[in-house]
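In case you want the letters, here they are:
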Amino acid sequence: MPPPHTFQVGSLRCHLLWAGLQRLDGGAMFGVVPKPLWEKRIAPDARNRIPLAMRPMLVEHPAGLVLVDTGLGDKEDAKFREIYGIENAGDPGPTPLEDALRSLGHQPADVRWVINTHLHFDHAGGNTLRDDAGGVRLGYPDATYLVQRNELEYARHTNERTRASYLPHNFEPVDAAGRWRLLEGDGEVLPGISVRLTPGHVPWHQSILVRDGGETLCFLGDLVPTIHHLPLPWIMGYDVEPLRTLESKRALLAEAGRDGWLLAFEHDPEVGLARAGVEGGRMVAAPVPVPA
Ligand SMILES: [Zn+2]
């Protein structure tokens with residue numbers, strides 16, 4: 001299991017945490033980009049699947065630990081895990097995410113805030129976990145959970161195209177426990193931590209900005225799932241509104257390049273963090289290695 005990737009945003013210590021792997025169809029991950037182009041970046045397996053990380057972020061904030069996204073969790077059955085090529089068994093677990101938290105000296109009960117970019121199963125699956133009686137419990141029993149109000153509504157009103165990604169046991173128990181704080185649009189949710197709507201993958205997707213001491217980090221979520229998705233037309237086939245993704249990327253990445261942001265890639269199996277900049281009028285990003 002890759003160790004946490006720890007870095008500073010001003011006075012705020014942040015960690016990218018390993019929550020396991022999944023494998024998704026490479027063609028679906030790169031949309032209209034022809035295979036001869038994308039397979040040079042990430043090699044597919046015999047079933048045309050590519051490995052994708054699940055990599056939530058922990059922020060050590062004066063208001064308490066903040067966890068951005070929660071990986072897949074432990075509630076899905078063997079058939080599901082086979083279809084999506086899930087590798088996320090923990091030791092002692094239940095998943096590598098809880099192990100990573102413990103490696104930093106924290107327990108799940110220490111997490112005070114959970115922010116979901118959106119409610120797809122690979123981003124919100126760890127919001128809840130299996131309990132000993134075969135039911136479902138909160139993965140972070142003392143946390144307040146934050147998501148866009150409209151994303152929760154969207155997750156509750158699925159259609160044939162969106163249904164497979166939204167599993168009610170990942171978000172309804174949070175509601176039953178009265179733990180949602182539902183957000184409406186952009187804004188600061190804690191000092192130095194804000195959310196920004198970046199629609200396209202789903203209509204109410206949000207990216208998370210951490211700002212302190214003149215530094216800015218953007219946790220992109222599924223707006224730019226891997227470093228290979230930085231070119232504007234490299235957009236996932238999964239996105240429900242790809243032309244909105246295009247405009248969300250155009251605006252956010254221009255700002256990131258101009259202001260030299262750090263960028264966190266939730267699904268890239270190799271590169272968790274990169275530094276944005278501009279070269280020859282083009283936005284570029286240089287991987288930031290895990291400190292030795
Ligand atoms: Zn998603």
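Data block above holds the structure.
Remember, it's a predicted structure, so these values are computed and weren't measured experimentally.

Novice: Hey, could you run me through the sheet that holds strand β12 (residues 187–190) in this one?
Specialist: Strands pair in a sheet through their backbones, by hydrogen bonds, and they do so in one of two ways: parallel or antiparallel. Strand order in the open sheet made by the seven strands is β12-β13-β14-β15-β16-β17-β18, with mixed pairing throughout. The outermost strands of the open sheet, each flanked by one partner alone, are β12 and β18 (282–287). Averaged over all pairs of adjacent strands, the angle between strand axes in this sheet comes to 30°, irrespective of strand direction. Against the sheet, helix α8 (residues 242–259) makes contact with β13 (193–197), β14 (206–212), β15 (215–219), β16 (262–264), β17 (273–279) and β18, and its axis sits at roughly 85° relative to β17, the strand it touches most.

Novice: So what exactly am I meant to see when it comes to the state of the cysteines here?
Specialist: Working definition: the covalent bond between the sulfur atoms of two cysteines is a disulfide. Within the structure shown, the criterion is met by zero disulfides. The cysteine C14 is free of any disulfide, with C218 supplying the nearest cysteine sulfur at 12 Å. Take C218: its relative accessible area is 0%, and that puts it in the buried class.

Novice: How should I be thinking about the coordination of the zinc ion in this particular structure?
Specialist: When a metal carries six donors in an octahedron, the ideal angles between them are 90 or 180 degrees, while four donors in a tetrahedron ideally lie at 109.5 degrees. At this site the zinc ion is bound by H118 (NE2), H120 (ND1), H201 (NE2) and D222 (OD), with donor distances of 2.1 to 2.2 Å. In this structure, the zinc ion is coordinated by four donor atoms arranged in irregular fashion, with angles at the metal of 85 to 173°. When its relative accessible area of 4% is taken as the criterion, H201 is described as buried.

Novice: Is there a simple way to think about the sheet that holds strand β5 (residues 57–61) in this case?
Specialist: If you trace the seven strands from one edge of the open sheet to the other, you get β1-β2-β5-β6-β7-β10-β11, paired in mixed fashion. The sheet terminates laterally at β1 (5–9) and β11 (180–183), the two strands that pair on one side only. Each neighbouring strand pair of the sheet contributes to a mean axis angle of 20°, computed without reference to strand direction. In this structure, strand β6 (residues 64–68) lies alongside strand β7 (residues 111–115), joined through four bridges in parallel fashion. By the bridge assignment for β7, L67 is matched with V114. Along the sheet face, helix α6 (residues 149–156) touches β10 (144–148) and β11 and points at about 80° away from the line of β10.

Novice: What's the story with the pairing of β5 in this structure? I'm lost.
Specialist: The two faces of a sheet get side chains in turn, since along a regular strand they alternate between them. Counting buried positions along β5 yields four of five residues, so the element is predominantly enclosed. The pairing of strand β2 (residues 12–16) with β5 spans four bridges and is classified as antiparallel. Its bridge partner being in β5, C14 is matched across the sheet by V59. Inspection of the sheet shows β5 paired to β6 by five bridges, in the antiparallel sense. Residue E60 lies in a different strand from β6, and its bridge partner there is L65.

Novice: What's the story with α8 in this structure? I'm lost.
Specialist: Owing to its 3.6 residues per turn, the α-helix aligns residues three or four sequence positions apart on the same side. The end-to-end C-alpha separation of α8 is 25 Å, in line with the 26 Å expected for 18 residues at 1.5 Å each. Within α8, the full set of buried residues consists of T245, L246, S248, K249, L252, L253, E255, A256 and G257. Elements that come into contact with the buried residues of α8 comprise β13, β14, β15, β16, β17 and β18. G260 occupies a position one or two residues after α8 and carries a positive phi of about 65°.

Novice: It is not clear to me how the packing of aromatic side chains should be interpreted in this structure. Could you clarify?
Specialist: Both the distance between ring centres and the angle between the ring planes are used here to describe each pair of aromatic rings. Using the criterion set out here, one finds seven aromatic pairs in the structure. Ring geometry for F30 and W234: centres 5.5 Å apart, planes at 85°, overall edge-to-face. With a gap of 204 residues between them, F30 in helix α1 (residues 26–30) and W234 in the loop between β15 and α8 connect regions that are remote in the sequence. An identical accessibility class is assigned to F30 and W234; each is buried. The rings of F30, W38 and W234 are connected pair by pair, giving a single aromatic cluster. Taking the ring centre of W234 as reference, the NZ or CZ of R41 above it sits at 5.0 Å.

Calculation notes
Residue numbers run consecutively from 1 along every chain, following the written order of its sequence. Local features in this predicted model are restricted to residues of pLDDT 70 or higher, and side-chain atom pairs are both shown and tallied only at a pLDDT of 80 or more, whereas totals for entire chains, interfaces and linings draw on every residue. Excluding hydrogens and water, the side-chain figures rest on all heavy atoms present in the structure. DSSP bridges decide pairing: two strands pair if at least two such bridges lie between them. To qualify as a helix, a DSSP run of H or I must reach at least 4 residues; to qualify as a strand, a run of E must reach at least 2; elements of each kind are numbered from the N terminus. Axis definition: a line fitted to C-alpha atoms, over the contacting stretch in the case of helices. Angles run 0 to 180 degrees between N-to-C directions. Contact definition: two residues touch when any of their heavy atoms are within 4.5 Å. Counting rule for disulfides: a pair of cysteine sulfur atoms within 2.5 Å. Between buried and exposed lies partly exposed: a residue is buried under 20% and exposed over 50% of the maximum accessible area for its type, with that area taken using a 1.4 Å probe on protein chains only. Coordinating donors are taken as N, O and S atoms within 2.8 Å of the metal, stretched to 3.2 Å for Na, K and Ca; because water is absent from the atoms, sites can appear incomplete. In this scheme the shape depends on donor count and angles: four donors with every angle between 85 and 135 degrees give tetrahedral, four or six donors with opposite pairs above 155 degrees and others between 65 and 115 give square planar or octahedral in turn, and any other case is irregular. A helix's residues, less one, multiplied by 1.5 Å, set its expected span. Between 30 and 60 degrees the pair is tilted, below 30 it is stacked and above 60 it is edge-to-face, where a pair is any two Phe, Tyr or Trp rings, Trp via its six-membered ring, whose centres lie within 6.5 Å. Whether a charge sits over a ring depends on NZ of Lys or CZ of Arg being within 6 Å of the ring centre and within 35 degrees of the ring normal.

So yeah, pure geometry; function would need other evidence.
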